[in-house]
Amino acid sequence: MKKLVYFFLLIGLLACSQQNASSTFKSAFNGKFLMGTALNLDQIWGRDTLGIQLTKKQFNSIVAENCMKSMYLQPEEGQFFFDDADRFVKFGEENGMAIIGHTLVWHNQAPAWFFIDEKGQDVSREVLLERMKNHITTVVSRYKGKIKGWDVVNEAIDGDGNFRPTKFHQIIGEDYIKYAFLFAQEADPEAELYYNDFSMADEDKRNGVIAMVKTLQWQGVKVDGIGMQGHLIMSGPSIDEFEKSIVAFSELGVKVMITELDLSVLPIPKPNIGADVTANFEYMQEMNPYAEGLPDSVLQVQQQRYVDFFRLFLKHTDKIDRVTFWGVADGDSWKNDWPVHGRTDYALLFDRSHQAKSAVADILKMAKKR
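Anyway, here's the lowdown on the structure attached to this text. Not measured: the values here are computed from a predicted model.

What follows deals with the overall build of the chain. Helix and strand counts for the chain come out as 13 helices and 8 strands. Over its C-alpha atoms the chain spans a radius of gyration of 21 Å, differing by no more than 12% from the 21 Å that the globule rule assigns to 370 residues. Dimensions of the chain along its principal axes, counting C-alpha atoms only, are 85 × 50 × 40 Å. The long-range share in the chain, meaning contacts at least 24 apart out of those at least 6 apart in sequence, stands at 78%.

To continue, consider the layout of surface pockets. A volume near 700 Å³ is recorded for the largest pocket. Contributing to the lining of the largest pocket are 36 residues, with S199, D202, N272, I273 and G274 lying nearest its centre. Secondary structure elements with two or more residues in the lining of the largest pocket: β6 (225-233) and α11 (239-250). Residue contributions to the lining of the largest pocket peak at 5 residues, all from β6. Partitioning the lining of the largest pocket into residue classes produces 16 nonpolar, 10 polar and 10 charged. In this structure, the second largest pocket spans a volume of roughly 220 Å³. Along its surface, the second largest pocket is lined by 16 residues, and K69, Q109, V277, W326 and W334 are the ones closest to its centre. Its residues placed into classes, the lining of the second largest pocket shows 6 nonpolar, 6 polar and 4 charged.

In this section: the nonpolar core. Core analysis: the biggest nonpolar cluster contains 98 residues, and F25, M132, W150, F310 and F313 have the highest contact counts within it. When near neighbours in sequence (up to four residues on either side) are disregarded, M132 contacts V105, F114, F168, I172, Y176, Y179, A180 and F183. Judged by nonpolar contacts, the second largest core, of 12 residues, contains F198, A279, W334 and W338.

Burial within strand β8 (residues 320-325) is extensive, with 6 of its 6 residues counted as buried. The pairing of strand β1 (residues 34-39) with β8 spans 4 bridges and is parallel. Residue pairing across strands places L34 opposite R322, the latter belonging to β8. Sheet topology places strand β7 (residues 255-264) next to β8; 4 bridges connect them, and they run parallel. Note that in β8 the partner of I258 across the bridge is V323. Chirality of the crossover, the property in question, places the unit of β7, helix α12 (residues 296-315) and β8 among those that are right-handed.

Criteria and thresholds
Residues numbered from 1 in each chain as written. Predicted model: local features only at pLDDT ≥ 70, side-chain atom pairs only at ≥ 80, totals over all residues. Heavy atoms only, no water. Helix = DSSP H or I, 4+ residues; strand = E, 2+ residues; numbered from the N terminus. Rg over C-alpha atoms; globule rule 2.2 N^0.38 Å. Contact = heavy atoms within 4.5 Å. 1 Å grid on protein atoms, 1.4 Å probe; cavity = no way out; pocket = protein on both sides within 12 Å on 5 of 7 lines; lining within 4 Å. Points joined across faces, edges and corners; volume = space filled by probe spheres on them. Nonpolar A, V, L, I, M, F, W, Y, C, P; charged D, E, K, R; others polar. Core = buried A, V, L, I, M, F, W, Y, C linked by side-chain atoms within 4.5 Å. Buried < 20%, exposed > 50% of the residue type's maximum accessible area, 1.4 Å probe, protein only. Pairing = 2+ DSSP bridges. Right-handed = clockwise from strand over helix to strand, strands pointing away.

Next up, the structure:
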């Protein structure tokens, strides 16, 4: 009789163990794709203890939200500041996580000196190429063998599919992208190299990115993956259009990553602004309707939309290498301050108390069945 009791006790413990093993993102999606999150400085330095606990429990990949952007790494020419980035990489190494570098070349959050001479005039093509090479080489070499992959170039294609008229493009030309990838590959030949952009479900943007990547491939440039920024809103993009881009990018022979994932429930002050960080609108009360809490009716719609998108991701596990949220919990989300400062958004799958929302259990259940 005792042996029978012990047998059923053991079965129960094993069942609980299996249930617990699939109760986190990193376990439920093991063998499918990496599950990641972006970390801010409070998390990187351990001040946000709840956020760190949640990150260790749920995720197996991390990306730095801001501290690896050029304005923070090299605020003055030749003066590099690596304290925050070093701590970020150390955290990832200590916890066995896939570490993503974000981002080497981006027209936003770049230091002003990067593009001008001592007289405040635009530098020459040669000077900007040299500055770009020095920055990329210094940063990538420092973390050689530690960083799984780099967002080499960020947001270079405009909404119409043409090259965005950034300072990099104006001074160097469209081949600045080619050189950025070549410099990164030279600094760390083993690191994966990605292109990352928002509104990637839009047909014009999709076609523009495809044309750019095909040109790079024709030139023999190594491009390992495309990051589709997942800055979703309640009204768009459609799952069908998002799926078309996943398939189309995969057909280029590269990995597809869902990056910067969040889902804002707030109204947008202007259509088609995508995720342009320079957009800024005056605060109005009607733009912040849920300051006192999110109604259940809205929460349910948002959570179902999250579930629907993860159903899509699971459908394409053969194409998708990583899904990364842009923040750990609602209080961390940049959507609280963009494009209208001071709003209260609920864009992530863990609330301000770091508790899982209803969609998490549904998503884990779906992943377990696959």
